[in-house]
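Report on the structure
So you can see what is in the structure, the chains are spelled out below.
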Amino acid sequence: MLFCLCLNASVLCLCLYALYVLGHDAMHRMGTTDVLIAGMRGLGVEIAKNVILSGVKSVTVQDEGQAVWTDLSSQFFLKESHLGQNRATCSLQQLSDLNPRVQVSAHTGALDEELLLRFQVVVLTDSSLDEQKRFGELCHSRGIRFIVADTRGLCGQLFCDFGEEFEVLDKDGETPASAIIQGITKDNPGVVLCMDDRRHSFSNGDRVSFSEVQGMTELNSMESVEIKVRGYEALLDIKLLTMNDFGKIARHQTLHLAFQALHGFVKKEQRLPRPRYQVGEGSRMLQPTFDSFQKTSLALLEELDEAAVRSLSFTARGDLAPINAFIGGLAAQEVIKACSRKFTPLRQWLYFDALECLPEEGDQLEEGDFSSKGTRHDGQIAVFGPAFQEKLERQKYFLVRVGAGAIGCELLKNFALIGLGAGDEGHITVTDMDFIEKSNLNRQFLFRPKDIGKPKSDAAAKAVREMNPRMNITAHQNRLGPDSEGLYDYNFFMGLDGVAAALDNVEGRVYLDGCCVQHQKPMLEGGTLGSKGHTLVVVPHLTESYGQDTSTPSNAIPLCTLKNFPHRIEHTLQWARDHFEGQFKQIPENEGFVERTLGHGDAEALEVLEGVWNNLESMKDGGQRPTSWEDCVSWARRKWETLYNNDICQLLHCFPPEQVTATGLPFWSGSKRCPHPLTFDPNNSTHMEYVMAAANLYGQIYGINGTRDFASIRKILETVNVPSFTPKSSVKIHVTDKEMEEDKEKGTDEAGELFQLAGVFMLLPHLLPGFLFLYSLYDDDTNFHMDYIVAASNLRAENYDIPAADRHQSKLIAGRIIPAIATTTAAVAGLMCLELYKLVQGQQKLSSYRTSYFMLSVQYFVWAQPRRPQSYEVSYTSVHPAALSHILGPKVYTARQTLTVYTFII
């Protein structure tokens, strides 16, 4: 008995990046939403940038103020030539260029009721408490989603009110879980026992629906039911984790009162507190905060964090790009939630601080040291002082792979704004081997349509020089790895102050981490997956390293499952992708083809080399080489018959539907779905899409032009002769990967034939035909690659009664695309640069640093203190591994396990 259990939630189709994360329905709702963003300082422009990239209908940016020096510390679309001009109008053109599908306009007048009523979502930044209350009440009464975002120095706040009627259609954006069920008891309530190749991910309170049930067929038509998970799974329920920073609960509750006191100070004094003026203005901020604390302490907190109040006062004039990047990413994600009704909105206040970025010694500098200098970094000097700014500008940093997932672009933007490497002695080196594609434009905001086809590193370097003309930056197009060690050698790394990684794969991170450990350089690392993000800082002598990749390929699909026993759409998509790669990409056009092919095993190597041999002769002469478009269609039709009829008939001949195992149990049970062969139907769109795509791809290899016209293809199909098929009893089909490996070790009669065929090609390499090579470009919807993979996968899914996947979902899975959205990448880059502040200051307290994990979809955050590395006893002396490496020099090599450093002397 085979049936499935699925969460009762919409499986949303995914398109490029934002669409991959949000889905079609959510993107459609966003495309009908008008958004107002008030305030075009650093935080406002960060929110506007992320919202415009996400693809709403329109964005209006409002600001009455003129650009001043302090704005240039974080407002990346303002230049020195804009000083004295309106911030909204100066930013308008560059905001409009981010996404031509979004209408962007500027409003330079005051906020009023008439203006706000034109929008479905309103965002206030750099606003007074009176404005927040006034417009918040208006929006609440009119059903307008209302968001307040504010940053002051190293602190930030966020507030959301989406009204009483707001409905969330998808709480977290996760793909609905599914599982194959072994059985259901007749108890009340019934107990469902899952039988699958991996643990299910259901949680208490989830609602599920049933499909494909045999026996208890009434379950198929039943509405969704709430479940309770039995056993260990309850321990994995992420919903049980509600705290986000256990060390700052009292501080953030204090900040809720302190921000109100700050608003009161500004209203009375008509200015923000002066930087670092501790005795007077810090105390004047503290008193009203303490008064509020006395009124609300029983309901709010037990103790007031006076240090946090003073720090907020001392740094309130600061305007920091990393803080704005983080809070701006969060605020923009709330705008997306308000527009799309996807993901869980913030309820209702969020506070964030990075006060640990301040000097550890707490040295108090004179007020004048923090006063405005009339420079683009005045907003940063107001927090850290001019000496720290000079130190930032002397830094030499290496940014690896600028284009990966857009984190690199966000980091470079922040580097330019904070002035990293912008002094006479400073320098930034960036490397990325990729070139800009159209799909990059909606998340890598440094690039524009005119940059398509250019190296990412060159275009990004040019863009940040426009933000900060003093940036000293060199762009490379190299892949970091063993092949580039001649360039990125000992001397190169020893000339650096640190490294930032914007890599999209574990292997690259492990390699870069090894370089940093060997040369004792700090490393900043971050990554994203949709609305999820993480950051890590590695400090020599203080924290653990990134470490060796010890993960196991637990999600790897067994070969036998792919070949004969699929039961998920992921299996059929991987099978289709493998067929595409093998049929249209494994072309013998370069040196070493035969040797590489022999390394795949006898059976596979013989199949590939026989295919090449057959392609030496034209179809008219009995070979496989086409000479016309009609030949390509004929080949595709016969390939269809082989894959979806003949191979299935052979499988059922070896394992009939009534087959039983040695223990008497049905062979086709559990995760083994019994397939059925398909009969070609020229009126079936999926059947025709396969033939069309396969014929065009086959024709491209030989330089033959095809067509997408189904009518003309049907006429050709009428003339195609499809050979009949009779299953063979001599064919052996492996049930497990272990059986397959055992047969490989035994060897077969194919070895002799393979040896002869390989010898011919190696002795006479000119026989290898000069085919055209097809690159896998899944972002290109015109090259037939995804047409083939989607059709091939869905036909195989039909063989096995697996629900089909549409083009966008298939592209996400088969293209192995890691969804990236602007909000998450901005937040990650902001957090990485906050850790950068600490590295530049040379902080040596482990408690000053943070490792972060977050999910913007549900506002779930975890900030943890990094762990110390293990020390090892060498010659009865306790020695830190990095110190040992420093003493013995480059002859010390490192081997790492996850977050642990081991040192061996060679």
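Coordinates for the structure precede this section.
Rules of the game
- Starting from 1, residues in each chain are numbered consecutively following that chain's sequence as written.
- With pLDDT at 70 or above as the cut-off, local features in this predicted model cover only qualifying residues; side-chain atom pairs require 80 or more to be listed or tallied, and sums for whole chains, interfaces and linings still use all residues.
- Side-chain calculation: all heavy atoms of the structure are included, whereas hydrogens and water are not.
- Going along the chain from the N terminus, every DSSP run of H or I of four or more residues is numbered as a helix, and every run of E of two or more is numbered as a strand.
- Burial status follows relative accessibility: with a 1.4 Å probe on protein chains alone, a residue under 20% of its type maximum counts as buried, one over 50% as exposed, and anything between as partly exposed.
- In this description, contact between two residues means that some pair of their heavy atoms is separated by no more than 4.5 Å.
- Residue burial considers only the protein chains on display, and all accessible areas are found by Shrake-Rupley using a 1.4 Å probe.
- In this analysis, strands are considered paired if DSSP registers two or more bridges between them.
- In this analysis, axes come from line fits to C-alpha atoms, helices being fitted only over the stretch in contact, and the angle between any two N-to-C directions falls in the range 0 to 180 degrees.
- By definition here, a helix of n residues has an expected span of 1.5 Å times n minus one.
- Pairs of N or O atoms are called polar contacts if they sit within 3.5 Å, as long as, within protein, a hydrogen donor faces a hydrogen acceptor (for residues adjacent in sequence, only side-chain-to-side-chain pairs).
- Each Phe, Tyr or Trp ring (for Trp, its six-membered ring) is paired with any other whose centre lies within 6.5 Å, and the angle between the two planes then decides the class: stacked below 30 degrees, edge-to-face above 60, tilted in between.
- With respect to orientation, any angle under 35 degrees is reported as roughly parallel, any angle over 145 as roughly antiparallel, any angle of 65 to 115 as roughly perpendicular, and every other angle as oblique.
- Whether a crossing is left-handed or right-handed is set by the direction in which the near helix is turned from the far one by less than a right angle, anticlockwise for left-handed and clockwise for right-handed.
- We call Asp, Glu, Lys and Arg charged. Ala, Val, Leu, Ile, Met, Phe, Trp, Tyr, Cys and Pro are nonpolar, and the rest, Gly among them, are polar.
- The rule for a salt bridge is simple: a side-chain nitrogen of Lys or Arg has to be within 4 Å of a carboxyl oxygen of Asp or Glu.
- For this analysis, a nonpolar core means a set of buried residues of the types Ala, Val, Leu, Ile, Met, Phe, Trp, Tyr and Cys, connected via side-chain atoms within 4.5 Å.

1. Focus: the overall build of the protein
A count of helical and extended segments in the protein gives 29 helices and 24 strands. Taking all 906 residues of the protein together, 53% fall into the buried category. When contacts within the protein are restricted to residue pairs at least 6 apart in sequence, long-range pairs at least 24 apart make up 72% of them. For the protein, the exposed surface amounts to about 40,800 Å²; the carbon and sulfur share of it is 51%.

2. Thoughts on the sheet that holds strand E6 (residues 145-152)
A sheet is described by the order of its strands in space; here seven strands give the open sequence E4-E3-E2-E5-E6-E7-E12, paired in mixed fashion. The strands lining the two open edges of the sheet, one partner per strand, are strand E4 (103-107) and strand E12 (349-353). Recorded for the sheet is a direction-independent mean angle of 15° between the axes of neighbouring strands. Both E6 and strand E7 (residues 155-161) contribute to a ladder of seven bridges, which runs antiparallel. Counterpart to Arg 152 in the pairing with E7 is Cys 155. Where helix H4 (residues 87-98) meets the sheet, it contacts strand E3 (58-62) and E4, and its direction lies at approximately 175° from that of E4. Contacts between helix H7 (residues 249-269) and the sheet are confined to E6, E7 and E12, with E12 contributing the most and set at about 95° to the helix.

3. Things to note about helix H28 (residues 822-841)
Compared with an ideal rise of 1.5 Å per residue, which puts 20 residues at 28 Å, H28 spans 29 Å between its outermost C-alpha atoms and is within 8% of the ideal. The buried fraction of H28 amounts to 19 of the 20 residues, a majority that puts the element mostly inside the structure. Gly 842 sits one or two residues past H28 and shows a positive phi near 75°.

4. Comments concerning the environment of Asn 705
Residue placement: Asn 705 occurs in the loop between helix H22 (685-701) and helix H23 (710-717). Note on Asn 705: relative accessible area 70%, which makes it exposed. Distance from Asn 705 to Trp 629, taken between C-alpha atoms, is 6.9 Å for residues 76 residues apart in sequence.

5. Here's the deal with the sheet that holds strand E13 (residues 396-400)
Remark on secondary structure: sheet strands pair via backbone hydrogen bonds, oriented parallel or antiparallel. The strand order across the open sheet built from eight strands is E15-E14-E13-E16-E17-E18-E19-E20, with neighbouring strands paired in mixed fashion. Only two strands of the sheet have a single neighbouring strand rather than two, namely strand E15 (473-476) and strand E20 (860-864). Strand-to-strand twist across the sheet, computed as the mean angle between neighbouring axes with direction ignored, equals 10°. Sitting on the sheet, helix H13 (residues 407-418) touches E13, strand E14 (427-431), E15, strand E16 (498-501) and strand E17 (523-529), and the angle it makes with E13 is about 160°. Sheet contacts for H28: E13, E16, E17, strand E18 (532-538), strand E19 (851-855) and E20; angle to E17, the most-contacted strand, approximately 165°.

6. Digging into the side chain of Thr 315
Looking at the secondary structure, you find Thr 315 in helix H9 (residues 306-315). Look at Thr 315 and you get buried, because its relative accessible area is 1%. A polar contact is formed between the side chain of Thr 315 and the backbone oxygen of Ser 311, at a distance of 2.7 Å. Setting aside chain neighbours within four positions, we find Thr 315 in contact with Arg 152, Gly 153, Leu 154, Leu 358 and Val 383.

7. Some thoughts on the packing of aromatic side chains
Evaluation of the coordinates by the stated rule reveals 33 aromatic pairs. Ring centres of Phe 398 and Phe 492 lie 4.9 Å apart, and the angle between their planes is 85°; this geometry places the pair in the edge-to-face category. Of this pair, Phe 398 sits in strand E13 while Phe 492 sits in helix H15 (residues 490-494), placing them 94 residues apart in sequence. Arranged with centres 6.3 Å apart and planes meeting at 45°, the rings of Phe 580 and Tyr 788 form a pair that is tilted.

8. Some details on the packing of H22 against helix H26 (residues 785-799)
Orientation of H22 relative to H26, taken along the N-to-C sense of each, is 140°, at an axis distance of 8 Å. Between H22 and H26, the interaxial angle falls into the category oblique. For the pair H22 and H26, the sense of crossing is left-handed. Of H26, the residues touching H22 (which contributes Thr 686, His 687, Glu 689, Tyr 690, Met 692, Ala 693, Ala 694 and Leu 697) are His 785, Asp 787, Tyr 788, Ala 791, Ala 792, Asn 794, Leu 795 and Glu 798. Partitioned by chemical class, the residues of the contact of H22 with H26 number nine nonpolar, four polar and three charged.

9. A look at the pattern of salt bridges
Counted under the stated rule, the structure contains 30 salt bridges. Put simply, Arg 376 and Glu 80 hold a salt bridge, and the shortest N to O gap is 3.9 Å. Placement of Arg 376 in the loop between E12 and helix H11 (378-384) and of Glu 80 in the loop between E3 and H4 is noted, with a sequence separation of 296 residues between them. On the accessibility criterion, Arg 376 (6% relative accessible area) is buried. Glu 356 is paired through a salt bridge with Lys 838; the nearest N and O atoms lie 3.5 Å apart. Separated by 482 residues along the polypeptide, Glu 356 in the loop between E12 and H11 and Lys 838 in helix H28 bring together distant segments of the chain. Here Glu 356 and Lys 838 have matching classes, each one buried.

10. Comments concerning unusual backbone geometry
Note: most peptide bonds trans; most residues except glycine with negative phi. Across the junction of Arg 347 and Gln 348, the peptide omega takes the value -20°, indicating a cis bond. Mapping Gln 348 onto the fold places it in the loop between helix H10 (321-340) and E12.

11. Description of the pairing of E3
Where burial is concerned, most of E3 is hidden: five out of the five residues are buried. The alternating pattern of E3 places Ser 58, Thr 60 and Gln 62 and Val 59 and Val 61 on opposite faces, both of which are buried. The sheet contact formed by strand E2 (residues 34-38) and E3 spans five bridges and is parallel. Among the inter-strand pairings, Ile 37 is bridged to a residue of E3, identified as Val 61. In this structure, E3 lies alongside E4, joined through five bridges in parallel fashion. Bridge pairing in E4 places Val 61 opposite Ala 106.

12. Remarks on the nonpolar core
Grouped together as the largest cluster of nonpolar side chains are 114 residues, with contacts concentrated most on Leu 95, Leu 154, Phe 352, Leu 412, Phe 415 and Leu 446. Of the residues forming this core, the biggest block, 12 residues, is contributed by H28. Grouped together as the second largest cluster of nonpolar side chains are 53 residues, Phe 580, Phe 655, Met 688 and Met 786 included.

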